Amino acid sequence: MRAVRELTVLYDANCPLCVHIRHWLSTQHQLVRIALVPAASVEAQRRFPRLDHASTLREITVVGDRGDVWTGTDAFIMCLWALTEHRPKANWLSTPAGRPFAKAAMYAAARWRQAVRTEGAEDPACDDHCPVPR
């Protein structure tokens with residue numbers, strides 16, 4: 001079995017929290033390369049034509065270079081797993097003891113995201129050219 005060498009994170013470009021996390025991920029030392037692509041974008045649809053792109057706007061989605069797809073809490077854990085500093089935390093969050101904490105973090109993020117997302121905006125809140133938040 002071939003090791004995972006790249007993950008693609010589909011993030012909601014109309015969500016300030018998602019955009020902030022995108023910037024944060026791009027500054028972290030990665031054990032596994034992370035590509036960051038706006039969810040439901042032309043690029044996402046080109047890369048993953050069989051994916052339900054409407055659902056990628058509802059919850060974080062990560063696609064591995066072998067075709068594996070993770071959503072929600074599992075996608076969150078995979079993002080951390082790809083990072084040098086956070087892999088031990090990801091390993092713990094994937095255990096029965098840690099999983100409730102990962103779910104709680106995802107629930108809190110989803111509630112905050114619903115409150116601030118710019119639903120129906122013609123232009124995304126941000127794209128690859130936005131400055132990194134301070």
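Residues numbered from 1 in each chain as written. Predicted model: local features only at pLDDT ≥ 70, side-chain atom pairs only at ≥ 80, totals over all residues. Heavy atoms only, no water.

Peer 1: What's the story with the overall build of the protein in this structure? I'm lost.
Peer 2: Check the secondary structure of the protein and you find six helices and four strands. Secondary structure elements of the protein, listed N to C terminal, follow the sequence β-α-β-α-α-β-β-α-α-α. Looking at the protein residue by residue over its 134 residues, the buried ones come to 38%. Contacts in the protein between residues at least 24 apart in sequence constitute 65% of all its contacts with a sequence separation of at least 6. Entry remark: accessible area of the protein is about 8,200 Å², with carbon and sulfur atoms responsible for 55%. (Helix = DSSP H or I, 4+ residues; strand = E, 2+ residues; numbered from the N terminus. Buried < 20%, exposed > 50% of the residue type's maximum accessible area, 1.4 Å probe, protein only. Contact = heavy atoms within 4.5 Å. Areas by Shrake-Rupley, 256 points an atom, 1.4 Å probe, with all protein chains shown as cover.)

Peer 1: Help me out: how do you make sense of the environment of Thr71 in this one?
Peer 2: With respect to the element layout, Thr71 can be found in strand β4 (residues 69-71). Sequence spacing of Thr71 and Leu10 is 61 residues, and the spatial spacing of their C-alpha atoms is 9.9 Å.

Peer 1: Would you explain the layout of surface pockets in this entry?
Peer 2: Sizing a probe to match a water molecule and rolling it over the atoms shows the empty space that remains. Counted as a void, the largest pocket has a volume near 520 Å³. For the largest pocket, the lining is made up of 27 residues, of which Cys18, Ile21, Ile60, Met106 and Ala109 are closest to its centre. If you list the elements that add at least two residues to the lining of the largest pocket, you get β1 (6-11), α1 (16-27), α4 (72-81) and α6 (99-116). For the lining of the largest pocket, a count of residues per class yields 18 nonpolar, four polar and five charged. (1 Å grid on protein atoms, 1.4 Å probe; cavity = no way out; pocket = protein on both sides within 12 Å on 5 of 7 lines; lining within 4 Å. Points joined across faces, edges and corners; volume = space filled by probe spheres on them. Nonpolar A, V, L, I, M, F, W, Y, C, P; charged D, E, K, R; others polar.)

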